Amino acid sequence: MSQLYEGKKGEKCLFMGNQAIARGALEAGVSVAAGYPGTPSSEIIENLAEVSKETNLYVEWSTNEKIAAEVAAAASFAGLRSMCVMKQNGVNVASDFLLHLVLSGTRGGMVLVPCDDPGALSSINEGEARHFAKLLEIPLLEPGDFQEAKDMMKWAFELSEEIRNLVMFRSVTRLSHASGSVELGEIPQTDPKAQFNYNGFILDPMEGPIVSAPVAYKHGLQQDKLKKAQELFEVSPFNTYVGPENPEILLITSSGATLYSREAIQLCNAKDKVGLLKLGTTFPLPAKLIEKHLKTTDKILVVEEVLPFMEENLKVLAQELAPRVGQKTFFGKRSGNIPITGELNPDLVATALAGILGQTYAPQNPEYTTKATQQAFFNAPTRDLTFCPGCPHRASFWSIHNVLAEDNREGFVCGDIGCYSMAFLPSGFSTLKTLHAMGSGTGVASGFGKLGQFGLNQPVVSVCGDSTFFHSGMPALVNAIHHKSDITMVILDNSGTGMTGFQSHPGLAVDAQGNEAPALDIPTICRAFGATVEICDPFYPFKTQQIFHRLLEMPGVKVLIMRQICALSPEKKRKKAFEMSVDKEICLGENCGCNKLCTRVFRCPGLRWDDETKVATIDEVICAGCGMCAAICPSGAITRKEAA
Amino acid sequence: MGTATLLKDPYNLIITGVGGQGNVLASRVLGNLLADKGFSITIGETFGASQRGGSVMSHMRISAEASWSPQIPQGKADMIVALEPVEALRVLHTYGHPGIKIISNTRSIYPVGVISGDQKYPSMDELKKTIEELSEKTWFIDATSAAMELGHPIFGNIMMVGALAKTGVLPIDRDSFEKVILRTMGKEKTPVNLKAFDMGAEMIN
Amino acid sequence: MKLFAQTQLLEDVQGKGLCVGCGACVDLCPYFTTYRGKTAMLFPCDRETGRCFAYCPKAEVDYDAVYQFRTGRPFQGTPIGPHIEVFKARAGEKQTECSFQCGGTVTALISCALDNKIINGAVLTGSDERMPKPMLVRTADQAQQCAGSKYSASPTLAVMNKEAKRGVRKMGIVATPCQATAIAQMKMNPTDKEDFEDPVSLVIGLFCTWALDARKLEALLEEKGIQGTIIKADVPPPPAEVFVVETDQGVTEIPLSEVRKIIPEGCSICPDMTSELADISVGQVEGETGYNTLIVRTEKGAELVKMARSQGYLVTENLDGDKVHNLAQASGNKKKRALAQAQEKGLLNTPDDAGRAAMRMSQDALNKIQP
Ligand SMILES: Cc1cc2nc3c(=O)[nH]c(=O)nc-3n(C[C@H](O)[C@H](O)[C@H](O)COP(=O)(O)OP(=O)(O)OC[C@H]3O[C@@H](n4cnc5c(N)ncnc54)[C@H](O)[C@@H]3O)c2cc1C
Ligand SMILES: Cc1ncc(C[n+]2csc(CCOP(=O)(O)OP(=O)(O)O)c2C)c(N)n1
Ligand code: SF4
Ligand code: SF4
Ligand code: SF4
Ligand code: SF4
């Protein structure tokens, strides 16, 4: 089906932003793509992996983002075009390598593609990769629509080769996960050869060894590269202006905010008052271009998402240019016109614009709004996130919660990143008490586990997903073992990277391209590290709790692997293991002895409470047939029958 | 391209539902179908952690010439296709106006807060009444039950597409639907999806 | 009896540190469990009335009502409670010799009841390493495995609840006084449960001045370097002032002053030394090892003792008058101390506007105990 690869030049396709980016990379002749899953970036690697069967392309889900960057860099060193893809905070993980890479420089074009998530629609942070472009002193490109997502991607590779350094191409959720029309270009039929040259003079960028030293020299060189990029930016077709010659307000924007700004100008009927300068090259700013536009007006509105990155850079530049362009009034985040957190939308931009223009923006009829708000308040119950029906994590946290409560020593769980992060919510019985970055659960636990000498005698538990284990859980476990920390690490092994869409990882026997791969065995690794290791199936809560209790009583580092496949895994999808039913006669309902354990406490979406008959029922549309609720019902009212 | 014209340009469609209902697929199918007819389509999707019980919403902007932002401005939706009735109400709150049209599935999916008893789910009568009051025209269909007859509740999404086609608010015809399904899902899955499309259409009168 | 549920139980009992871990609230539902001697709440329950609160011996015990129900008269406040006879007793020749605590009277009576099918099973307290381990036994042989006092408070009633839920009826139970109180409350079906059936047909109560916190006792033994398997623990009568622990590696004495520190708060307000709400109560005999004091309280108890004696399970003798006198004095003193404590903490006959009480009893009875 893949239009992504087979689509011909000139053809128009409805592409998701991430597909457009992937197509752009293909049109650029990319040879190697590596990434670590993370919303909203994952479909880029997924799409390329799919295409890799049809062309000579190497695609991998690396163990973590730093390794993805390293794998891509190797290809660049060998003269190939390569890219590495990650979500916003993935760049934090890769950043140490990147800091050195940008000093050493690259050979084949190499593009770093972070996808930011303004509004944290699927993240637990609102971090931004843009700031890394400044920190790393590399050019930053930001597409403003779907067509650009493809076209600029191709250009990014050319730019990287022009300056022989890494280029950042940044997307955001509303581009990556939105779809629009894209006119395709040619995919070159070349056959690039890889060769790593290192015998040349130490300072020879193309023939010598690739190192970041001597730092002072290389750093200077790097800044020259950045200047060169800036010159190219002055004439880039991705910086465009639409509007009157001397607008009342100059709206400067980039990335996803471009689409909102365009619509906001329309919503305000302000086409002849507002000029829209859309920048595709946002760091370093093209100074001459900016100077030209600053001269046309006195009022500037900067529209971008989250922190005032562009706004601050523009202000510094405007100050330098002030003698020639005069003092400007800036509107944006620092003036309070544009929110400094969360994502934007056409309404927010229109409101800001209208405010500056002295207009009012009233999108909805107030009477209707009042009525709709009231109705929604009373009749539209909120939909909080919860584990899927049949999710093994719900079962795992049931046991973890209950064992810690029974143990009664104020034990606690340090959380980590994955679907199981939701266990800080009631649907995971509010079990997690700390939650930060990938791998941090066990790292933080390792620290807690050393506080015995200061009187801490609460049992310390960490949880870690299987993908997270390889990503960054392993060093944390090593640390705990080496320092004889007293912790129990629970590895929630659901055979895949659940949260981000079931990508493969080193623990599985298949790789991103669908090839067979050696699967690394988590229990063997943990045992080799020196931990006491047990394995259980969370769908058998009694056994699971017995083992967990025993480990909790033991000193040192213990690993309990709770192993059960994700309810959404391709293997399980749509197949019920059990047909479930509730016997109305037996169900205790609200009575003393149960009081709705299954719906009130266990809360699997597959269950419903029937307020009329006062019994629990199974919602057969939703129930995944895992059978777990039968194991917890105190009266045996819920029964399971092997599904045919 | 084509002779089809829009009732309004851009025509703003919202498909809403709950994770796992096949919302995104429905919007892709519709988007491709309308793109095939030469329209410029933008689809904005909110599906971050959607499988985990959250609301999912696709905003579709259909236009003869320009491409629009992936988020519809407040009060500017023309049509809502709701795979779950409470989601229709939720969308009305932000994007509705007195002239809006709605097709809604009548099968509820309880949010976890309702399952646990912390929140209340309105009665279907109450819900229908509310939705009717907030819109110009409504169609309520029991797509999920029909889909169960077809073998799986997931077909509810395609039934809603069929129902949408029948309302005539957008230039959606059976042949173009078949073409898109054939291209995106392959031969094997086409007949059952066509059946779902037809069943959906039959439920609109 | 005032009815409440989990929220109040947590506030009044666990919250005030009065939980002794008897297990009365455990395993009635999924919300209370017990682990290593401690009662734990797993999830909040929002019911307004429930058996957890109703059965708990530290929450709103209406002494007049319970005594009325079990003995036909309101609470009188007499030192050793309503009874028919008092004996000195020990196991007879029919009872196999094993490591009894004193005279083996308890084990002998249970064996007799089991052998004669007066009960279908008995809830007794064995041990798992150093933790008390309640269990349902079905035979006299199994009963012997549970002989000997575990000085830690034991969640014995959790097993009663669990087995009752599984449909076991006609159970015998060996209970401490607080447990006997809880059982008496259970028998009253305080929540008017529609399908209620009393699962217990025999209660043998133990004398008890205090029990120890199981986890703290384990830690204390560890701290004292006591190794090996515990064979027996004992508190010899005054003036010894020691707690004696015998293991397969020797005997250690721990001063009572140290042991008293690990008595649960709840015991300090317990007015009952002799399990007044049991069918039969059994304790030590002052200054005589190998014998028990036996108090027969109900007709059912009297019949069992008669049968045990006639079938050779039990041998009884007269108990010296001054020993009865001393027992009554000790028992009366416990009442006085406990009620004074409870009063001080505002837990006795608490007026409605000041919250809930642990116990309620008539002023008459109080006057008798504290003239
Ligand atoms: C915590 C505790 C405190 C006591 N304090 C006193 C006291 O102050 N004065 C006094 O005269 N007697 C006291 N006793 C009673 C005494 O120790 C003997 O249990 C009693 O005399 C019966 O002796 P026996 O030889 O008949 O017991 P055995 O035939 O050896 O049988 C003992 C029975 O007690 C049960 N049992 C053991 N430990 C517990 C426990 N923790 N909770 C509930 N049941 C248990 C066992 O199931 C067994 O059936 C106490 C007992 C306990 C358990
Ligand atoms: C540094 C970083 N990279 C990637 C992500 C995106 N991410 C969030 S959850 C997750 C999956 C973790 O998978 P696993 O540990 O197996 O847990 P599961 O979701 O399967 O329960 C990933 C990759 C992230 N949050 N942080
Ligand atoms: S847990 Fe069992 S008894 Fe309790 S409400 Fe659910 S089905 Fe009924
Ligand atoms: S079997 Fe029970 S726990 Fe499993 S998905 Fe169905 S309702 Fe949920
Ligand atoms: S005293 Fe007994 S019944 Fe009361 S809360 Fe504690 S364990 Fe439960
Ligand atoms: S009220 Fe009943 S169901 Fe609730 S905690 Fe108490 S015993 Fe359990």
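Residues numbered from 1 in each chain as written. Chains lettered and ligands numbered in written order. Predicted model: local features only at pLDDT ≥ 70, side-chain atom pairs only at ≥ 80, totals over all residues. Heavy atoms only, no water.

Observations regarding the overall build of chain C
Consideration 1: Within chain C, the regular secondary structure consists of 12 helices and 15 strands.
Consideration 2: Dimensions of chain C, computed from C-alpha atoms along their principal axes, come out at roughly 55 × 45 × 45 Å.
Consideration 3: Of all 371 residues assigned to chain C, the portion counted as buried reaches 55%.
Consideration 4: Considering only residue pairs separated by 6 or more positions, chain C has 69% of its internal contacts joining residues 24 or more positions apart.
Consideration 5: Of the roughly 15600 Å² of accessible surface on chain C, a fraction of 48% belongs to carbon and sulfur atoms. (Helix = DSSP H or I, 4+ residues; strand = E, 2+ residues; numbered from the N terminus. Buried < 20%, exposed > 50% of the residue type's maximum accessible area, 1.4 Å probe, protein only. Contact = heavy atoms within 4.5 Å. Areas by Shrake-Rupley, 256 points an atom, 1.4 Å probe, with all protein chains shown as cover.)

A closer look at helix α16 (residues 440-448) of chain A
Residues and elements named next belong to chain A.
Consideration 1: All buried positions along α16 are accounted for by G441, T442, A445 and S446. For α16, the arc enclosing every buried residue in end-on projection is 135 degrees, short of the 170-degree limit, so these residues lie on one face.
Consideration 2: Check the buried side of α16 and you find it contacts β16 (412-414), β18 (460-465), α17 (466-482) and β19 (487-493). (Arc of directions from axis to C-beta.)

Topic: the environment of T298 of chain C
Residues and elements named next belong to chain C.
Consideration 1: Its place among the elements puts T298 in the loop between β13 (288-296) and α10 (299-310).
Consideration 2: Classification of T298 as buried rests on a relative accessible area of 16%.
Consideration 3: Expressed as a C-alpha distance, the spacing of T298 and A278, which sit 20 residues apart in the sequence, is 8.0 Å.
Consideration 4: Look past the residues within four positions of T298 in its chain and what remains in contact with it is I84, A278 and D279.

Details of the sheet that holds strand β9 (residues 230-234) of chain C
Two modes of strand pairing occur in sheets, parallel and antiparallel, and in both the strands are linked by backbone hydrogen bonds.
Residue and element names in this part refer to chain C.
Consideration 1: Read across the sheet, 3 strands follow the order β9-β10-β11 without closing on themselves; strand pairing throughout is antiparallel. Edge strands, defined here as strands with exactly one partner in the open sheet, are β9 and β11 (250-255). Each adjacent strand pair in this sheet contributes to an overall mean axis angle of 15 degrees, direction not counted.
Consideration 2: Two elements, β9 and strand β10 (residues 242-247), share 4 bridges in a ladder whose sense is antiparallel. Residue pairing for β10: K232 is matched across the bridge by E246. (Pairing = 2+ DSSP bridges. Axes fitted to C-alpha atoms, helices over the stretch in contact; angles between N-to-C directions.)

Quick look at the site of ligand 5
Consideration 1: The local shell around ligand 5 consists of V13, Q14, C19, V20, G21, C22, G23, A24, C25, T39, C56 and P57 of chain C.
Consideration 2: Residue composition of the shell around ligand 5, by class: 8 nonpolar, 4 polar and no charged. (Near = heavy atom within 4 Å. Nonpolar A, V, L, I, M, F, W, Y, C, P; charged D, E, K, R; others polar.)

Focus: the environment of P192 of chain A
Residues and elements named next belong to chain A.
Consideration 1: For P192, the location among the structural elements is in the loop between β9 (179-183) and α9 (215-234).
Consideration 2: The class for P192 is partly exposed, based on a relative accessible area of 38%.
Consideration 3: Taking the C-alpha atoms as reference points, P192 and N56, 136 residues apart in sequence, are found 9.3 Å from one another.

Remarks on the interface of chain A and chain C
Consideration 1: Listed per partner, the contact involves 22 residues of chain A and 20 residues of chain C.
Consideration 2: Applying the counting rule to chain A against chain C returns 14 residue pairs in polar contact (both at pLDDT 80 or more).
Consideration 3: Mapped onto the side of chain A that touches chain C, the elements with two or more residues apiece are α15 (392-407), α19 (541-553) and α20 (597-602) of chain A.
Consideration 4: Among the elements that make up the side of chain A that touches chain C, the one with the highest residue count is α15 of chain A (6 residues).
Consideration 5: Broken down by class, the residue content of the side of chain A that touches chain C amounts to 8 nonpolar, 7 polar and 7 charged. (Polar contact = N/O pair within 3.5 Å; in protein donor to acceptor, adjacent residues only side chain to side chain.)

Side note on the domain arrangement of chain A
Consideration 1: Domain boundaries assigned for chain A yield domain 1 (3-234), domain 2 (240-357), domain 3 (392-563) and domain 4 (578-642).
Consideration 2: With centres defined by C-alpha atoms, the gap from domain 2 of chain A to domain 3 of chain A works out at 47 Å. (Domains from an automatic or database assignment.)

Quick look at the site of ligand 6
Consideration 1: Lining the immediate surroundings of ligand 6 are C592 and G593 of chain A together with A5, Q6, C29, Y31, C45, R47, T49, G50 and C52 of chain C.
Consideration 2: With respect to ligand 6, its neighbouring residues span chains A and C.
Consideration 3: Here the shell around ligand 6 is built from residues that sort into 6 nonpolar, 4 polar and 1 charged.

Brief notes about the packing of aromatic side chains
Consideration 1: Enumeration according to the criterion identifies 20 aromatic pairs over all chains in this entry.
Consideration 2: Centre to centre, the rings of F283 of chain A and F309 of chain A are 6.4 Å apart; their planes meet at 50 degrees, and the pair counts as tilted. Residue F283 of chain A is located in strand β13 (residues 281-283), and its partner F309 of chain A is located in helix α12 (residues 309-325); the two are separated by 26 residues in the primary sequence. For the pair formed by F283 of chain A and F309 of chain A, the shared burial category is buried.
Consideration 3: Between F429 of chain A and F43 of chain C the ring centres are 5.6 Å apart and the planes differ by 65 degrees, which places this aromatic pair in the edge-to-face class. Of this pair, F429 of chain A sits in the loop between β16 and β17 (432-434) while F43 of chain C sits in the loop between β2 (38-41) and α2 (51-55), on two different chains.
Consideration 4: We classify F429 of chain A as buried; its relative accessible area is 7%.
Consideration 5: Residue classification places F43 of chain C among the buried residues on the basis of a relative accessible area of 6%.
Consideration 6: Among the aromatic residues, ring-to-ring pairing joins W398, F429 and F602 of chain A together with F43 of chain C into one connected group. (Phe/Tyr/Trp six-rings, centres within 6.5 Å; stacked < 30°, edge-to-face > 60°.)

Section: the interface of chain B and chain A
Consideration 1: Contacts between the two partners involve 68 residues from chain B, matched on the other side by 58 residues from chain A.
Consideration 2: At the boundary of chain B with chain A, total buried surface from both sides reaches about 5600 Å², with 56% on carbon and sulfur atoms.
Consideration 3: Together, R52, Q71 and I115 of chain B form the three largest contributors to the area buried by chain B at its contact with chain A, with a combined 15%.
Consideration 4: Counting every contact that joins chain B to chain A gives 5 salt bridges.
Consideration 5: Here chain B and chain A share 21 residue pairs in polar contact (both at pLDDT 80 or more) between them.
Consideration 6: Elements with a contribution of two residues or more to the side of chain B that touches chain A: α1 (23-36), β2 (40-46), β3 (55-63), α2 (85-95), α3 (112-115), α4 (124-133), α5 (143-150) and α7 (174-185) of chain B.
Consideration 7: Split by residue class, the side of chain B that touches chain A holds 29 nonpolar, 25 polar and 14 charged. (Buried area = accessible area lost by both parts, 1.4 Å probe. Salt bridge = Lys/Arg side-chain N within 4 Å of Asp/Glu carboxyl O.)

A look at the packing of helix α11 (residues 287-294) of chain A against α12 of chain A
All names here are of chain A.
Consideration 1: The geometry of α11 relative to α12 is characterised by a closest axis approach of 10 Å and an angle of 60 degrees between their N-to-C directions. Taken together, the axis directions place α11 and α12 in an arrangement best described as oblique. You can see that α11 and α12 cross each other, and the crossing is right-handed. Residue-level contacts link A287, I290, E291 and L294 of α11 to L314, L317, A318, L321, R324 and V325 of α12. (Parallel < 35°, antiparallel > 145°, perpendicular 65-115°, else oblique. Left-handed = near helix turned anticlockwise from the far one by under 90°.)

A few points about the environment of C102 of chain C
Residues and elements named next belong to chain C.
Consideration 1: Its place among the elements puts C102 in the loop between β4 (85-91) and α4 (105-115).
Consideration 2: Residue class for C102 comes out buried when judged on its relative accessible area of 19%.
Consideration 3: A sequence separation of 86 residues divides C102 from K16, and the C-alpha atoms of the two residues are 35 Å apart.
Consideration 4: Not counting residues up to four positions away in its chain, the partners in contact with C102 are Q284, G290, Y291 and N292.

Digging into the arrangement of the chains
Consideration 1: Taken together, the 2 pairs of chains in contact show their highest number of contacts between chains A and B.
Consideration 2: Between chain B and chain C there is no contact, and the shortest C-alpha to C-alpha distance separating them is 11 Å.

A short note on the packing of helix α10 (residues 257-267) of chain A against helix α13 (residues 346-357) of chain A
Residues and elements named next belong to chain A.
Consideration 1: Where α10 contacts α13, the axes come no closer than 8 Å and their chain directions differ by 55 degrees. Considered as vectors, α10 and α13 are oriented oblique to each other. In the packing of α10 onto α13, the handedness of the crossing is right-handed. Along its contact with α10, which presents Y260, S261, E263, A264, I265 and L267, the element α13 presents P346, V349, A350 and L353.
Consideration 2: In terms of residue class, the contact of α10 with α13 is built from 8 nonpolar, 1 polar and 1 charged.

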